[in-house]
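As a plain string of letters, each chain reads:
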Amino acid sequence: MEQISLKTGIFETVMKNAYYYYVALNLSSYAAIGMLLPLLGQYLDFLEFSGKQIGTITSVATATAIFATTFWGEKYANSFRKKNVVIFLCVLSAIVGVGLLAVSSYWAFLIGFMVLYFFQSPVMGLNDAMTIESGQPFSAIRKWGCIGFALATFFAGRLAGEVGIFVIFPLYAMAFLLTAVAIVFILRMEKSNRDVQQKWKNPPTEYKDKKQRIGYKEILGNKKLMALIASSFFLLGTNVANNTYFSFLYMEGGGTLAGVGTVFLLMVGSETVFMALSNRISAKIGLERAILIAMVISVLRFGWYSTGPAYTWLLAFFFLQGAVNGILLVEFIRYIHQTVEPSQLGLGISLYYAISNNLSTIFCQFIGGLALDSGGGPGVYLFFACYNIIGVVLYLIFGLYKR
């Protein structure tokens, strides 16, 4: 009994320490994105790129992410040292990010930014896979990504105003290097845990004999996963594109450019609250139904936006973004976790990010731009609402709402 109690205490200590490392992992990786992407357009404008050139750079980079997430997802799934793959991606992202400071021509920046996305874009999905595989509470950890993104955007914006817009690249690089350091600490902790297991004559569970190679062919036959990705395709792209088009709706409703930053901070902040509550919500009604409710709220939210409400109402109902993204960003990943085999988790999440996030975002950004020209901000959100309805209908047809 004394040995069992001691082993249990060691296990609890390891899991507690791991929790903080995974918090640091999410905080720093999303901070890197928050320091770069929201201010990238201003940097490209500083380089005197045209609006068309700026749009092309961001669109081509997102297209690169579709290939990159699937490519590195397969490398991760078939590696015996999975976390080293993510360390490699973080370090290369930091190096390329700093290297972009030396680039000022359009074509060179376009190619360089594609290279950056090739290394950067898979990191978030693989971080999710690592967190779930570790047995940590995913929703409690993932919320720190939202916090990191919001705080980093605010901090980088202030510093860029004082020092210069170029500062976003060194900040981005430092944040990704901190992510790599967090993973190194996780690896050291896991090594110590294996040493303890060997001391207690328990075989280590992580490093096994040569395993059979797995690829996307295996998971493409998973009908439930494919149905889940098809449904989420019509939800996640609009929620990402909302970051681009919400400012038009807000200012058309009487708001100011300065107010856009405030309302975005509130909306992103509300996501952390709902992420923290997602476990309790799912425990009561099931994650399948929690996703369905969040999807319906998304339809109603964008449908209401399409009526062109005053900016004061948009500000008052900032928490609707949290009720949608705070649930969907967590529960879709958890749904994938219970749909695929443990060895296929990295592949499943990478495919989900490639299709439901990146591919859908490209489509929504493009059609949203056309809708903006013809119907202004309300026209964009009418398209978003109709697009979301397709996702809800598919979710119901496929029976994904059932436990």
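Residues numbered from 1 in each chain as written. Predicted model: local features only at pLDDT ≥ 70, side-chain atom pairs only at ≥ 80, totals over all residues. Heavy atoms only, no water.

## Focus on the overall build of the protein
No. 1: Secondary structure summary: the protein contains 14 helices and zero strands in total.
No. 2: Its helices and strands in sequence order give the protein the pattern α-α-α-α-α-α-α-α-α-α-α-α-α-α, from N to C terminus.
No. 3: A total of 403 residues make up the protein; the buried ones form 51% of that total.
No. 4: Partitioning the intrachain contacts of the protein with sequence separation of at least 6 by distance along the chain shows that 85% fall at a separation of at least 24. (Helix = DSSP H or I, 4+ residues; strand = E, 2+ residues; numbered from the N terminus. Buried < 20%, exposed > 50% of the residue type's maximum accessible area, 1.4 Å probe, protein only. Contact = heavy atoms within 4.5 Å.)

## Thoughts on unusual backbone geometry
For residues other than glycine, phi is negative in most cases, and the peptide bonds are mostly trans.
No. 1: Here the phi dihedral of E48 falls at roughly 70°; this positive angle occurs in a residue that is not glycine.
No. 2: Mapped onto the elements of the fold, E48 is located in the loop between α1 (2–46) and α2 (51–77).

## Things to note about empty space enclosed by the protein
No. 1: Scanning the model with the defined rule gives one cavity of 30 Å³ or more in all.
No. 2: Lining of the largest cavity is provided by T69, S121, P122, G125, L126, S350 and Y353.
No. 3: Only α5 (122–133) and α14 (345–397) provide two or more residues apiece to the lining of the largest cavity.
No. 4: When residues of the lining of the largest cavity are assigned to their parent elements, the largest contribution, three residues, is made by α5. (1 Å grid on protein atoms, 1.4 Å probe; cavity = no way out; pocket = protein on both sides within 12 Å on 5 of 7 lines; lining within 4 Å. Points joined across faces, edges and corners; volume = space filled by probe spheres on them.)

## Concerning the nonpolar core
No. 1: L44, F109, F113 and F176 are the most contacted members of the largest nonpolar core, which totals 104 residues.
No. 2: If you tally residues by element for this core, the top one is α1, at 14 residues.
No. 3: Discounting chain neighbours no more than four positions away, the residues touching F176 are S29, A32, I33, C90, S93, A94, Q120, V123 and M124.
No. 4: Y245, A371, L372 and Y387 belong to the second-largest nonpolar core, a separate cluster that totals 23 residues. (Core = buried A, V, L, I, M, F, W, Y, C linked by side-chain atoms within 4.5 Å.)

## A few points about the pattern of salt bridges
No. 1: Applying the stated rule across the entire model yields two salt bridges.
No. 2: Of the charged contacts in the structure, one is a salt bridge between E133 and K82, with a shortest N-O distance of 3.7 Å. Placement of the pair is E133 in helix α5 and K82 in helix α3 (residues 82–99), with a sequence separation of 51 residues.
No. 3: Note on E133: relative accessible area 33%, which makes it partly exposed.
No. 4: Residue E331 is joined to R334 by a salt bridge in which the shortest nitrogen-to-oxygen separation is 2.8 Å. One end of the pair is E331 and the other is R334, both in helix α13 (residues 319–337) and three residues apart, which spans about a single turn.
No. 5: Relative accessible area serves as the criterion here: at 0%, E331 is assigned to the buried category. (Salt bridge = Lys/Arg side-chain N within 4 Å of Asp/Glu carboxyl O.)

## Remarks on the packing of aromatic side chains
No. 1: Taken as a whole and judged by the stated rule, the model has 44 aromatic pairs.
No. 2: Summarising the aromatic geometry, the rings of F302 and Y381 are spaced 5.4 Å apart at their centres and angled 45° between planes, so their arrangement reads as tilted. With F302 in helix α11 (residues 287–305) and Y381 in helix α14, the pair connects residues that are 79 residues apart, well separated along the chain.
No. 3: Under the relative-accessibility criterion, Y381 is labelled buried at 0%. (Phe/Tyr/Trp six-rings, centres within 6.5 Å; stacked < 30°, edge-to-face > 60°.)

## A closer look at the packing of α5 against helix α6 (residues 138–163)
No. 1: Where α5 contacts α6, the axes come no closer than 10 Å and their chain directions differ by 150°. Taken together, the axis directions place α5 and α6 in an arrangement best described as roughly antiparallel. Read as a crossing pair, α5 and α6 show a hand that is right-handed. Residues D128, T131 and I132 of α5 lie in contact with α6, whose contacting residues are F138, I141 and R142.
No. 2: Partitioned by chemical class, the residues of the contact of α5 with α6 number three nonpolar, one polar and two charged. (Axes fitted to C-alpha atoms, helices over the stretch in contact; angles between N-to-C directions. Parallel < 35°, antiparallel > 145°, perpendicular 65-115°, else oblique. Left-handed = near helix turned anticlockwise from the far one by under 90°. Nonpolar A, V, L, I, M, F, W, Y, C, P; charged D, E, K, R; others polar.)

## Focus on the confidence of the model for the protein
No. 1: Considering every residue of the protein, the mean pLDDT works out to 85; 90% of them sit at 70 or more.
No. 2: Model confidence for the protein, summarised as mean pLDDT per element, is weakest for α1 at 74 and strongest for α11 at 95. (pLDDT = per-residue confidence, 0-100.)

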